[in-house]
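Fold and geometry: a report
One-letter residues, chain by chain:
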Amino acid sequence: MMRGRSDGTQKKRLLTSVAVVAVFVVVLYLYFGSKNNGESALEYGSRSLRKLGSSYLGGDDDSDLSSKQDEKFGLEDGEDGIVPKSFPVCDDRHSELIPCLDRHLIYQMRLKLDLTLMEHYERHCPLPERRYNCLIPPPAGYKVPIKWPRSRDEVWKANIPHTHLAHEKSDQNWMVEKGEKIIFPGGGTHFHYGADKYIASIANMLNFPNNNLNNGGRVRTVFDVGCGVASFGGYLLSSDVIAMSLAPNDVHQNQIQFALERGIPAYLGVLGTKRLPYPSRSFEFAHCSRCRIDWLQRDGILLLELDRVLRPGGYFAYSSPEAYAQDEEDLRIWREMSTLVERMCWKIAEKRNQTVIWVKPLNNDCYMERPAGTQPPLCRSDDDPDAVWGVNMEPCITPYSDHDHKVGGSGLAPWPARLTTPPPRLADFGYSSDMFEKDMELWQRRVEHYWNLLSPKISSDTLRNIMDMKANLGSFAAALKDKDVWVMNVVPKDGPNTVKIVYDRGLIGTTHDWCEAFSTYPRTYDLLHAWSVFSDIEKKGCSGEDLLLEIDRIVRPSGFVIFRDKQLVIDFVKKYLPALYWEAVAAPTSDQDQDQEGDELVFIIQKKLWPTSESIRDTE
């Protein structure tokens, strides 16, 4: 009996102690947890996630983690480093996170931005210590995207669960809800009856053969500003014309996300205060259909930026009330805009119904003949028209190079010959035609090998949106000319500025710094090609872990990444496969000797399909 009472007393004491400890833990959790949860959900670079990294990444303690994170990239075999177990998964509210175009970041940093100049839609990246250190989850019910060409006309609603545009633009045929899908009839603000008819009417205005906007291959690259869901660019593809469709992450937040989900080339950006990330003379044709841009602001600086990226003899098609309406305000804008473009030496090629098309001069003669003091002025001779990363726009006219002036144009071959014809601007880099051709042969061989390695996993329609993270001359993309894909050719800002060669070949691309996040939504590319990108950022002291997380953010579930780099980089990537939910598709082996050059190896991974973010959390 005494023993029984003693045991009972001990049990009561034990239960009481457990209860006290539990209450204490709960209080601590509620105090610190709520504080940290508020930061992680609403603030960038949540300190809670960085601290969680010590357990998620297998570190010993918090103070040890930060130093190990800095040194883990490029470790020699056998050295102590962090062997990652898993990464935390971001809050579901971050499933569409674009780190450098996020309004929450702007609010938290209290940046003093001029909203009238669209500065709040330009890139503002978090500092490294304020970045999320977590995996971006897909939305609930996410499915493998519909394949091209069907995707041009329909996508899964679950993949982009936003239907406000369908309701807001219901009278313009942008998009329509239909069961589990969103349908794109091909309409736009100024082409309710379909982009195909609208495009044919523009070609007809210019007397192009067969009402085809490609004009016998002379029009290949098009810039569509304020593109909506990019139906204009989507319907150009069947004419062998490729458009860079551009729109900001504004009140129509998901328009570029819809464009990329459809398999249409597109990029998040804005005509604000910085130059567009494209070199001079990139496009044969520019287009604005009710794009709601104030072209007269700041002495016409935005129109002058458009002028910079247009080729000699390039066109600007402008469909807007100012081109046809008769009310006093529209007439005022039309008169002022007409005066401005006349001083810029643009001429009206045709004006019909709701659209006017201007054409840019072929050489510098008109600029030289303007009276002294005419505004806008010519840009200074020391101004590099191809410098774009973080460069402010200037309210000046970019004159042509001596070559373009003499030949009266760009001197480019029609498409598709221009893809394989050495462009005149090769000389800017000291490259010969022979070097250009050898580069094409090299990448043709490499791409054939990539496809052999991928063949067990892909069919003819598996891939659509592809990014070359270090494009150089664009030969990787050129080698894919017979595939039903398009390639975003990215040229790192610190290397040779070869984006102009990419555009001269009839391809599209942009400049970027891979120490920062790319301007796109999560889950927008089927395949990324990373050729020595990690070795490059290592030299700059940037985080390889951050770049892996960024790659994971932008590659689609079930998508692929091709790493072509040195052995240390391949080993680094391999260590992170479980933490990223990636699996190896092709690892370096002796039978890859044909594709090993110097110390470069090829490693291909596939990102696993996440059913839901909750299922990932349940496995942790």
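Above this text sits the structure in question.
Overview of the structure. From a predicted model like this one, the values you see are computed outputs, not experimental measurements. (Residues numbered from 1 in each chain as written. Predicted model: local features only at pLDDT ≥ 70, side-chain atom pairs only at ≥ 80, totals over all residues. Heavy atoms only, no water.)

Relative to each other, helix 17 (residues 533-540) and helix 18 (residues 544-554) sit at 140 degrees, their axes nearing to 10 Å. Between helix 17 and helix 18, the angle is such that the two are oblique. Crossing geometry of helix 17 relative to helix 18 is assigned as right-handed. On helix 18, the residues touching Val 533, Phe 534 and Ile 537 of helix 17 are Gly 544, Leu 547, Leu 548 and Ile 551. In the contact of helix 17 with helix 18, the residues fall into 6 nonpolar, 1 polar and no charged. (Axes fitted to C-alpha atoms, helices over the stretch in contact; angles between N-to-C directions. Helix = DSSP H or I, 4+ residues; strand = E, 2+ residues; numbered from the N terminus. Parallel < 35°, antiparallel > 145°, perpendicular 65-115°, else oblique. Left-handed = near helix turned anticlockwise from the far one by under 90°. Contact = heavy atoms within 4.5 Å. Nonpolar A, V, L, I, M, F, W, Y, C, P; charged D, E, K, R; others polar.)

Counting residues in hydrophobic clusters, the biggest one holds 94 residues, and the most contacted among them are Tyr 278, Trp 295, Leu 303, Phe 316 and Phe 563. Ranked by the residues each element gives to this core, the list is headed by helix 9 (residues 297-309), at 6 residues. Ignoring sequence-local partners within four residues, the contact set of Trp 295 consists of Val 225, Leu 271, Cys 288, Gly 300, Leu 302, Leu 303, Leu 306, Phe 316, Tyr 318, Met 337 and Leu 340. Of all hydrophobic cores here, the second largest spans 27 residues; its members include Trp 451, Leu 453, Leu 454 and Trp 531. (Core = buried A, V, L, I, M, F, W, Y, C linked by side-chain atoms within 4.5 Å. Buried < 20%, exposed > 50% of the residue type's maximum accessible area, 1.4 Å probe, protein only.)

The next point concerns helix 6 (residues 195-205). Inspection of helix 6 places Ala 195, Tyr 198, Ile 199, Ile 202, Ala 203 and Met 205 among the buried residues, and these make up the whole buried set. Seen along its axis, helix 6 keeps its buried residues to an arc of 160 degrees; they face one direction. Check the buried side of helix 6 and you find it contacts helix 7 (231-236), strand 7 (283-289), strand 8 (310-319), strand 9 (347-352) and strand 10 (355-359). Count one or two residues on from helix 6 and you reach Asn 207, which has phi positive near 60 degrees. (Arc of directions from axis to C-beta.)

For the rest of this paragraph, the subject is the sheet that holds strand 8. Pairing is mixed in the open sheet, where 7 strands are placed in the order 6-5-4-7-8-10-9. In this open sheet, the two strands that pair with only one neighbour each are strand 6 (266-268) and strand 9. The average undirected angle you get between the axes of adjacent strands in this sheet is 20 degrees. Pairing between strand 7 and strand 8: 6 bridges, direction parallel. In the sheet register, His 287 faces strand 8, and the bridge partner there is Ala 317. Its contacts with the sheet put helix 8 (residues 255-262) on strand 5 (242-247) and strand 6, and the angle it makes with strand 6 is roughly 150 degrees. Helix-sheet contacts for helix 9 involve strand 4 (221-225), strand 7 and strand 8, and the interaxial angle to strand 8 is about 135 degrees. (Pairing = 2+ DSSP bridges.)

A word on the side chain of Thr 511. Summarising the element assignment, Thr 511 is placed in strand 13 (residues 508-512). Each residue touching Thr 511, except ones within four places of it in the same chain, is listed here: Pro 277, Val 388, Trp 389, Val 491, Lys 493, Asn 497 and Val 499.

So, on to the environment of Pro 88. Position of Pro 88 relative to the elements: it lies in the loop between helix 3 (62-71) and helix 4 (103-109). With relative accessibility at 4%, the residue Pro 88 sits in the buried group. It is 7.3 Å that separates the C-alpha atoms of Pro 88 and Asn 133, two residues lying 45 residues apart in sequence.

Turning to the pairing of strand 15 (residues 555-565), a few remarks are in order. Note on strand geometry: in a regular strand, side chains alternate between the two faces of the sheet. In terms of burial, strand 15 is largely enclosed, as 10 of its 11 residues are buried. Direction of pairing for strand 15 relative to strand 17 (residues 601-607): antiparallel, over a ladder of 6 bridges. Bridge pairing in strand 17 links Val 561 to Ile 605.

This next bit is on helix 18. Helix 18 sits mainly inside the fold: 11 of its 11 residues count as buried. The set of residues buried in helix 18 consists of Gly 544, Glu 545, Asp 546, Leu 547, Leu 548, Leu 549, Glu 550, Ile 551, Asp 552, Arg 553 and Ile 554.

Nothing here speaks to function; it is geometry throughout.
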